[in-house]
Amino acid sequence: MQTPHRRWNPLKREWVLVSPQRTQRPWQGQLETVTQTVSLQYDPNCYLCPGNVRANGEHTPQYGSTYVFENDFAALKPDGVVGSVDVQGAGLISASTERGVCRVLCFDPRHDLTLATMDIAQVRHVVDEWAAQAAELGGRNNIRYVQIFENRGAMMGASNPHPHGQIWATEHIPNEPAAELESQQAYLAEHGEPLLTAYLRMELASGERIVLENESWVALVPFWAVWPFETILLPRRVVRGFEELSEVERDGLAGTLQQVTAGYNRVFDTAFPYSMGFHPAPSDGEDHAEWVLHAHFYPPLLRSATVRKFMVGFELLGSPQRDITAESAAEILRRAVQHV
């Protein structure tokens with residue numbers, strides 16, 4: 001459909017405006033600086049490289065694979081007075097304590113690697129560490145959600161080019177997974193199967209938004225995508241969290257991550273920036289039969305390595321909007337992943 005229309009996002013239960021004709025508009029706005037490829041295997045000034053001193057004076061050890069440490073500038077603290085505030089506002093002016101844990105996960109000791117340039121065995125180490133962290137943090141009584149994510153590139157706020165991601169474990173379920181939880185629970189109650197299971201079945205039958213697939217995982221551009229080259233990674237069977245992944249599924253996830261990120265880099269022949277994160281089921285002791293583990297990739301680039309998508313104006317005040325259709329984006333990514 002090449003005329004303006006809107007698409008329904010069943011995970012967030014909101015509409016997305018699609019305006020394919022806007023891809024032809026001239027651009028005289030901000031141009032981003034092309035990200036330069038990191039060439040140093042070891043940077044003596046990088047606080048995430050083995051053996052270097054971090055900003056707080058701690059030494060990063062001589063690690064050989066992955067390395068996890070408590071974030072030196074954590075957004076959350078494990079201690080705090082439990083309570084809430086409602087100042088004569090009937091819920092209009094309120095606040096509550098939020099405790100949690102923030103950790104940094106270095107993917108590899110080499111400074112010049114990324115998920116796209118690591119080999120699949122190296123990415124598998126990252127997957128295993130994600131699983132270990134999710135199990136450990138999610139097993140704590142005061143943690144209800146473990147959010148694993150990566151901000152890749154300065155355009156997406158990464159403060160250091162060394163390959164790394166973050167793990168935030170929170171006392172309450174954050175907004176985005178909370179919205180997905182409500183939608184998935186409602187769908188299961190009405191249809192008797194998980195929302196993402198039914199959705200993946202439809203996408204596999206269609207094929208037009210599939211980017212890549214293997215024995216255990218599928219990467220596709222969701223019908224309701226907001227970001228130009230947004231993708232979602234879905235397992236072929238119902239898996240609620242990392243702890244349920246088999247050895248084959250962990251291998252499949254590592255391969256999917258490596259292929260998707262390498263494909264992104266080929267779209268505009270640049271180190272593609274993105275924010276990526278996993279949405280597992282909440283770690284609140286409930287069964288969560290409605291949930292399917294999945295990952296979202298939100299890359300900002302729109303037309304080239306220097307033109308990005310901005311979330312402003314109508315997107316902030318009205319509803320999400322995109323120019324290039326999900327089907328066009330999937331075709332571009334599919335060809336990039338396959339080296340066509």
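It should be emphasised that the depicted structure is a prediction, and the values quoted were computed from it without experimental measurement. (Residues numbered from 1 in each chain as written. Predicted model: local features only at pLDDT ≥ 70, side-chain atom pairs only at ≥ 80, totals over all residues. Heavy atoms only, no water.)

Let's talk about the overall build of the protein
When its secondary structure is counted, the protein shows six helices and 14 strands. Expected size for 340 residues packed as a compact globule is a radius of gyration near 20 Å; at 20 Å, the protein falls within 12% of this value. In terms of overall dimensions, the protein has a C-alpha envelope of 55 × 55 × 45 Å along the principal axes. Sorting the 340 residues of the protein into buried and exposed places 51% on the buried side. About 15,900 Å² of surface is accessible on the protein, with carbon and sulfur atoms providing 52% of the total. Considering the protein, the positive charge centre built from 28 side chains and the negative charge centre built from 41 side chains are found 6 Å apart. (Helix = DSSP H or I, 4+ residues; strand = E, 2+ residues; numbered from the N terminus. Rg over C-alpha atoms; globule rule 2.2 N^0.38 Å. Buried < 20%, exposed > 50% of the residue type's maximum accessible area, 1.4 Å probe, protein only. Areas by Shrake-Rupley, 256 points an atom, 1.4 Å probe, with all protein chains shown as cover. Lys, Arg positive; Asp, Glu negative; His and termini not counted. Charge placed at Lys NZ, Arg CZ, Asp CG, Glu CD.)

Details of the confidence of the model for the protein
Close inspection of predicted coordinates is inappropriate in any region flagged by low pLDDT. Summing up the model confidence of the protein, the mean pLDDT is 91 and the portion of residues at 70 or higher is 91%. Across residues 26-32 the pLDDT falls below 50, and counting only partners more than four positions away or on other chains, this stretch makes 13 contacts in the model. (pLDDT = per-residue confidence, 0-100. Contact = heavy atoms within 4.5 Å.)

Some thoughts on the environment of Ala75
Relative to the helices and strands, Ala75 resides in the loop between β3 (67-70) and β4 (84-86). Not counting chain neighbours up to four residues away, the residues in contact with Ala75 comprise Cys102 and Trp168.

Topic: the sheet that holds strand β2 (residues 14-18)
One open sheet holds the three strands; their spatial order is β1-β2-β14, and the pairing between them is mixed. A strand with exactly one partner marks an edge of an open sheet, and here the two such strands are β1 (5-9) and β14 (321-322). With two bridges joining them, β2 and β14 adopt parallel strand pairing. Bridge pairing in β14 links Val18 to Arg322. (Pairing = 2+ DSSP bridges.)

Section: helix α3 (residues 195-206)
For α3, with twelve residues, the first-to-last C-alpha span of 17 Å sits near the 16 Å given by 1.5 Å per residue. Turning to α3, its buried residues are Leu195, Leu196, Ala198, Tyr199, Leu200 and Glu203. Those residues of α3 that are buried lie in contact with α2 (175-191), β9 (210-213), β10 (217-220), β11 (231-235) and β13 (294-298). (Expected span 1.5 Å × (residues − 1).)

Describing the pattern of salt bridges
Overall, the coordinates contain 25 salt bridges when judged by the stated rule. The residue Asp112 makes a salt bridge to Arg110 at a minimum N-O spacing of 2.7 Å. Across the salt bridge formed by Arg240 and Glu244, the nearest N and O atoms sit 3.9 Å from each other. With relative accessibility at 21%, the residue Arg240 sits in the partly exposed group. Counted as one network, the salt bridges with shared partners bring together Arg7, Glu203, Glu208, Arg209 and Glu327. (Salt bridge = Lys/Arg side-chain N within 4 Å of Asp/Glu carboxyl O.)

Some details on the sheet that holds strand β12 (residues 274-279)
The sheet built from nine strands is open, its strands ordered β3-β6-β8-β7-β12-β13-β11-β10-β9 with antiparallel pairing. Every interior strand has two partners, whereas the edge strands, β3 and β9, have only one. The mean inter-strand angle of the sheet, taken between neighbouring strand axes irrespective of direction, is 20°. Looking at chain direction, β9 and β10 are connected through three bridges and run antiparallel. Its bridge partner being in β10, Ile210 is matched across the sheet by Leu220. Sitting on the sheet, helix α4 (residues 247-267) is in contact with β9, β10, β11, β12 and β13, with an inclination near 20° to β10. (Axes fitted to C-alpha atoms, helices over the stretch in contact; angles between N-to-C directions.)

Quick look at α2
Counted at 1.5 Å a residue, the expected span for α2 with its 17 residues is 24 Å, and the 24 Å between its end C-alpha atoms agrees. Of all the positions in α2, only Pro177, Glu180, Leu181, Ser183 and Gln184 are classed as buried. Looking one or two residues beyond α2, the residue adopting positive phi is Gly192, at roughly 80°.

Quick look at the packing of aromatic side chains
Here the structure, examined in full by the defined rule, presents 16 aromatic pairs. Taking 5.7 Å as the distance between ring centres and 50° as the angle between the ring planes, the aromatic pair formed by Tyr264 and Phe297 counts as tilted. Of this pair, Tyr264 sits in helix α4 while Phe297 sits in strand β13; the two residues are 33 residues apart in sequence, bridging distant segments of the chain. Taken together, the ring pairs connect Phe229, Tyr264, Phe268, Phe272, Tyr274 and Phe297 into an aromatic cluster. (Phe/Tyr/Trp six-rings, centres within 6.5 Å; stacked < 30°, edge-to-face > 60°.)

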